[in-house]
Amino acid sequence: DYGIEDAVGAAGPFWTLLGLLIVPWLWSLPIALMTAELGAMIPDMGGPVVWVDRAFGPFVAHCNAYTHLVANFFDNALYPVMFADYLREFHPALCFDGLPRYLLSASMLVCVTLLNVAGVANVANVSTLFTVLVVSPFFALVICGLPT
């Protein structure tokens, strides 16, 4: 449940679809364009922390880095739990509770940590692979839906 059902119930299907089509353009596109432009202009490791340091100085950059650290700490804690939950939905035999669920989540963290330690190029290759895996069902559905 991503909240879409609640939005349809509250605003109706037209306004919900309109919002789903407009909000990404108003929210994500400017952020993506800003990130692409700053990444091209300032190609240093550190991304937003370096950009803020150049614009506002070291104190604000430190505050920015600390805020990113705290946000990522809590954000990244969600992924092992979501991984275990998605496996539960995938097949009933993969429904783990207690210690096995904890070990599954911990093993996912270990795998991702080892991947990061292996280097940025490996992370990029695995990210590309996962992107292809995520997008391929949509392409398959489009191809199956083409008129013959």
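Moving on to helix α4 (residues 58–90). The end-to-end C-alpha distance of α4, which contains 33 residues, comes to 47 Å, matching closely the 48 Å that a straight helix rising 1.5 Å per residue would cover. Every buried residue of α4 is listed here: Ala61, Asn64, Pro80, Ala84 and Leu87.

Here the focus is helix α5 (residues 99–118). Under the 1.5 Å per step criterion, the end-to-end length of α5 is 28 Å for 20 residues, consistent within 8% with the ideal 28 Å. Burial in α5 covers these residues: Arg101, Leu104, Ser105 and Met108. All buried residues of α5 lie within an arc of 95° about the axis, which places them on one face of the element. Projecting away from the buried face of α5 at angles above 90 degrees are the exposed residues Leu99, Tyr102, Leu114 and Val117. Buried positions along α5 lie against α4. Note on α5: the residue one or two positions beyond its end, glycine 119, has a positive phi of about 125°.

All right, on to the packing of aromatic side chains then. Taken as a whole and assessed by the stated rule, the structure comprises two aromatic pairs. Look at phenylalanine 14 and tryptophan 15: their rings are 5.1 Å apart centre to centre, the planes differ by 75°, and that puts the pair in the edge-to-face class. What makes phenylalanine 14 exposed here is its relative accessible area of 54%. Seen from their ring centres, phenylalanine 73 and phenylalanine 74 are 5.3 Å apart, and the 85° between their planes marks the pair as edge-to-face. We classify phenylalanine 74 as exposed; its relative accessible area is 56%.

What the rule picks out here adds up to three salt bridges. Arginine 101 is the partner of aspartate 85 in a salt bridge, and the nearest nitrogen-oxygen pair spans 2.8 Å. With a gap of 16 residues between them, aspartate 85 in helix α4 and arginine 101 in helix α5 connect regions that are remote in the sequence. Given the relative accessible area of 31%, aspartate 85 is considered partly exposed. Residue classification places arginine 101 among the buried positions, given a relative accessible area of 19%.

Each value, and the rule that gives it
Position numbers for residues count from 1 along each chain, tracking the sequence in the order it is written. The model is predicted, so local features are restricted to residues of pLDDT at least 70 and side-chain atom pairs to those at 80 or more, both for listing and for counting; the totals for chains, interfaces and linings are taken over all residues. Note that water and hydrogens are dropped before the side-chain values are worked out from all heavy atoms of the structure. A run of DSSP states H or I qualifies as a helix once it reaches four residues; a run of E qualifies as a strand once it reaches two. Both are numbered from the N-terminal end. Expected helix span is taken as 1.5 Å per residue step, with the number of steps being one fewer than the number of residues. Residue exposure (1.4 Å probe, protein chains only): buried if accessible area is under 20% of the type maximum, exposed if over 50%, otherwise partly exposed. It is the directions from the helix axis to the C-beta atoms whose arc is reported. Contacts were defined at the residue level, with two residues in contact if any of their heavy atoms lie within 4.5 Å. By convention, a stacked pair of Phe, Tyr or Trp rings (six-membered ring in the case of Trp) has centres within 6.5 Å and planes under 30 degrees apart, an edge-to-face pair has planes over 60 apart, and any other such pair is tilted. The rule for a salt bridge is simple: a side-chain nitrogen of Lys or Arg has to be within 4 Å of a carboxyl oxygen of Asp or Glu.

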